[in-house]
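# Tertiary structure, described
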Amino acid sequence: LKPLLGPRSASRPPSRFPVPARWPSPRALMSRLSIAGVPRRAPRAARRRLAAAVALSAGLLAAAVGASAFASLGRRQLLGWSAAGVAAGLVRASPAPAAEFPGLGKPPGPFERDPNEAVLIGDPNSDEAKGAKATLIKLQEEAEDALAKLKANPQEDLSFMITRFGIGDLREASNIVNNLMDETTAAGTQRLQRLMIQAKYQFEDDIPFPVSQKGVVQPRGEKRLARIKTALEEYIKQSKELLRFF
């Protein structure tokens, strides 16, 4: 069969990536890259600017440390200090926050709105709006009652506040309030909505008593109690602000 099949190498397909007979030299390779559009080194103008910056940094360093100390610096130290000066000059300083004027207080944020300047495009006397307001007032009264109970008894059981659709009811009621406002005012009510949902999630997450690995219910610790109080106070604060819009 060998005469029919021919030599073994003839049955193999040619390689898709032929190996060159001789690799180009590094100089020839760099020449090809430069011809293809890849510069071999930085442009002359950029090198001149860098050299000027290094020389200026060296001059400032000599003026700062004195001639004798500057002469004692080694070449590596000199280049290191010069490079540090160039880098410091290239880095832009971060913008400083706007100063507060005396008597005007802290400037409002981008999504903070004044309830006295609210623009309503919906009917606040509709049944839907009245139901949403009643839901918000009910949830706020629950938070106020829970906060009062915690101040009287730090180990008070507040599990009644955790319901299956508690956050859903809050979101639905606050969405109705958002739909009553124009686009500018709604940005402020949506901000309050997010803060209230976050606070409600936080105190509902900490309300259950901790349980040990053996399944024994432990008393509520000071840090957990402080987190619950902070979240309740935040919720009550933002809820009162939201109810001022309508």
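Above: the structure in question.
In this text the structure is predicted, and so the values were computed from the model without any measurement.

## Details of the overall build of the protein
- Secondary structure assignment for the protein yields 9 helices and 0 strands.
- Its helices and strands taken in sequence order, the protein reads α-α-α-α-α-α-α-α-α from the N to the C terminus.
- In the protein, buried positions account for 23% of the 246 residues.
- Put simply, 72% of the contacts in the protein that link residues at least 6 apart link residues at least 24 apart.
- About 18,400 Å² of surface is accessible on the protein, with carbon and sulfur atoms providing 58% of the total.

## Remarks on the packing of aromatic side chains
- Enumeration according to the criterion identifies 1 aromatic pair in this entry.
- When the ring centre of Phe246 is taken as origin, the NZ or CZ atom of Lys133, which lies over that ring, is 5.5 Å away.
- Positioned above the aromatic ring of Phe111, the side-chain terminus of Arg194 is 6.0 Å from the ring centre.

## Some remarks on empty space enclosed by the protein
- Using the criterion set out here, one finds 1 cavity of 30 Å³ or more in the structure.
- Estimated volume of the largest cavity: approximately 30 Å³.
- The wall of the largest cavity is formed by Leu139, Glu142, Ala143, Met161, Lys200, Phe203 and Tyr235.
- When residues of the lining of the largest cavity are assigned to their parent elements, the largest contribution, 3 residues, is made by helix H6 (residues 127-152).
- Its residues assigned to classes, the lining of the largest cavity comprises 5 nonpolar, no polar and 2 charged.

## Focus: the environment of Gly109
- As for its placement among the helices and strands, Gly109 is situated in the loop between helix H5 (75-90) and H6.
- When the C-alpha positions of Gly109 and Gly188 are compared, they lie 9.8 Å apart, and in sequence the two are 79 residues distant.

## Quick notes on the environment of Val211
- Along the chain, Val211 falls in the loop between helix H8 (183-206) and helix H9 (222-243).
- Among all residues touching Val211, those that are not within four sequence positions of it are Val216 and Val217.

Reading guide: rules and limits
Residues numbered from 1 in each chain as written. Predicted model: local features only at pLDDT ≥ 70, side-chain atom pairs only at ≥ 80, totals over all residues. Heavy atoms only, no water. Helix = DSSP H or I, 4+ residues; strand = E, 2+ residues; numbered from the N terminus. Buried < 20%, exposed > 50% of the residue type's maximum accessible area, 1.4 Å probe, protein only. Contact = heavy atoms within 4.5 Å. Areas by Shrake-Rupley, 256 points an atom, 1.4 Å probe, with all protein chains shown as cover. Phe/Tyr/Trp six-rings, centres within 6.5 Å; stacked < 30°, edge-to-face > 60°. Lys NZ or Arg CZ within 6 Å of the ring centre and 35° of its normal. 1 Å grid on protein atoms, 1.4 Å probe; cavity = no way out; pocket = protein on both sides within 12 Å on 5 of 7 lines; lining within 4 Å. Points joined across faces, edges and corners; volume = space filled by probe spheres on them. Nonpolar A, V, L, I, M, F, W, Y, C, P; charged D, E, K, R; others polar.

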